[in-house]
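Residues per chain, in single letters:
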Amino acid sequence: AQSVTQPDIHITVSEGASLELRCNYSYGATPYLFWYVQSPGQGLQLLLKYFSGDTLVQGIKGFEAEFKRSQSSFNLRKPSVHWSDAAEYFCAVGADTGNQFYFGTGTSLTVIP
Amino acid sequence: KAGVTQTPRYLIKTRGQQVTLSCSPISGHRSVSWYQQTPGQGLQFLFEYFSETQRNKGNFPGRFSGRQFSNSRSEMNVSTLELGDSALYLCASSPYAQVTNYGYTFGSGTRLTVV
């Protein structure tokens, strides 16, 4: 069965510093992988997705993620964090049925001015 | 283009009551999914509808039910509410039958508090 692990519950970074959020997945075939962001009191917004091709994918708001099959990872990165990036970030893998996702437990990001 | 609209945004109910939540997907989107989000369990899949048919259901008791109408709008119902049903209920829509290929657009959710 598919599953997603986000090892870091909470991360604090300084504004302008680089960011990497970790995501590990469990899936037999080539996974469909996604990163979403959730601001307080809001729904989830899609940042980026991967399902084939180039292993480095670019998303919105300056985020990128790299798919590494050998490590079963799909880590999210940003070279320079802005205060507005403070939010909860969720990694998700698409189920093989094609019509649901399994989400990680999320990583809460705090940005220090 | 309007996003996914969920109503109401906030709801307070008493244990034992029932509740109906509504979701209007983006125009043209035929797939609607529901998730329950709680601090302890995270995001858990409830069900997914496509063209009025429930294609997939998560591991929730029968008190949780849903439906989709011909205009793709969806409702979910929770009967005999328990304190543990307090959560943010998120609706998400997709224009594609194979939603995992493309991801969802989520609504802002309905915050349900059971007292």
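Residues numbered from 1 in each chain as written. Chains lettered and ligands numbered in written order. Predicted model: local features only at pLDDT ≥ 70, side-chain atom pairs only at ≥ 80, totals over all residues. Heavy atoms only, no water.

Chain A puts 20 residues into the contact, and the matching count from chain B is 22 residues. With both sides pooled, the region where chain A packs onto chain B buries about 1800 Å², and carbon together with sulfur makes up 52% of that total. Linking chain A with chain B are 0 salt bridges, by the criterion used here. At the boundary of chain A with chain B, the tally comes to 8 residue pairs in polar contact (both at pLDDT 80 or more). (Contact = heavy atoms within 4.5 Å. Buried area = accessible area lost by both parts, 1.4 Å probe. Salt bridge = Lys/Arg side-chain N within 4 Å of Asp/Glu carboxyl O. Polar contact = N/O pair within 3.5 Å; in protein donor to acceptor, adjacent residues only side chain to side chain.)

In this section: the sheet that holds strand 7 (residues 64-68) of chain B. Residues and elements named next belong to chain B. Taken in spatial order, the 4 strands of this open sheet run 1-3-8-7, and their pairing is antiparallel. One side of each edge strand has no neighbouring strand; the edge strands of this open sheet are strand 1 (5-7) and strand 7. For this sheet the average axis-to-axis angle between neighbouring strands, irrespective of direction, equals 15°. (Pairing = 2+ DSSP bridges. Helix = DSSP H or I, 4+ residues; strand = E, 2+ residues; numbered from the N terminus. Axes fitted to C-alpha atoms, helices over the stretch in contact; angles between N-to-C directions.)

Okay, the environment of Ala1 of chain A next. Topologically, Ala1 of chain A is positioned in the segment before strand 1 (3-5). Sequence-wise, Ala1 of chain A and Tyr102 of chain A are 101 residues apart; in three dimensions their C-alpha atoms are separated by 9.8 Å.

Within the structure shown, the criterion is met by 9 salt bridges over all chains. The partner of Arg63 of chain B in a salt bridge is Asp85 of chain B, and the shortest N-O contact between them spans 2.8 Å. Of this pair, Arg63 of chain B sits in the loop between strand 6 (53-57) and strand 7 while Asp85 of chain B sits in the loop between strand 8 (74-78) and strand 9 (87-94); the two residues are 22 residues apart in sequence, bridging distant segments of the chain. Here Arg63 of chain B falls in the buried class, since its relative accessible area comes to 16%. Between Arg67 of chain B and Glu75 of chain B there is a salt bridge, with its nearest N and O atoms 3.4 Å apart. For Arg67 of chain B, a relative accessible area of 47% translates into the label partly exposed. A single salt-bridge network, built from bridges that share partners, covers Glu64, Glu66 and Arg77 of chain A. (Buried < 20%, exposed > 50% of the residue type's maximum accessible area, 1.4 Å probe, protein only.)

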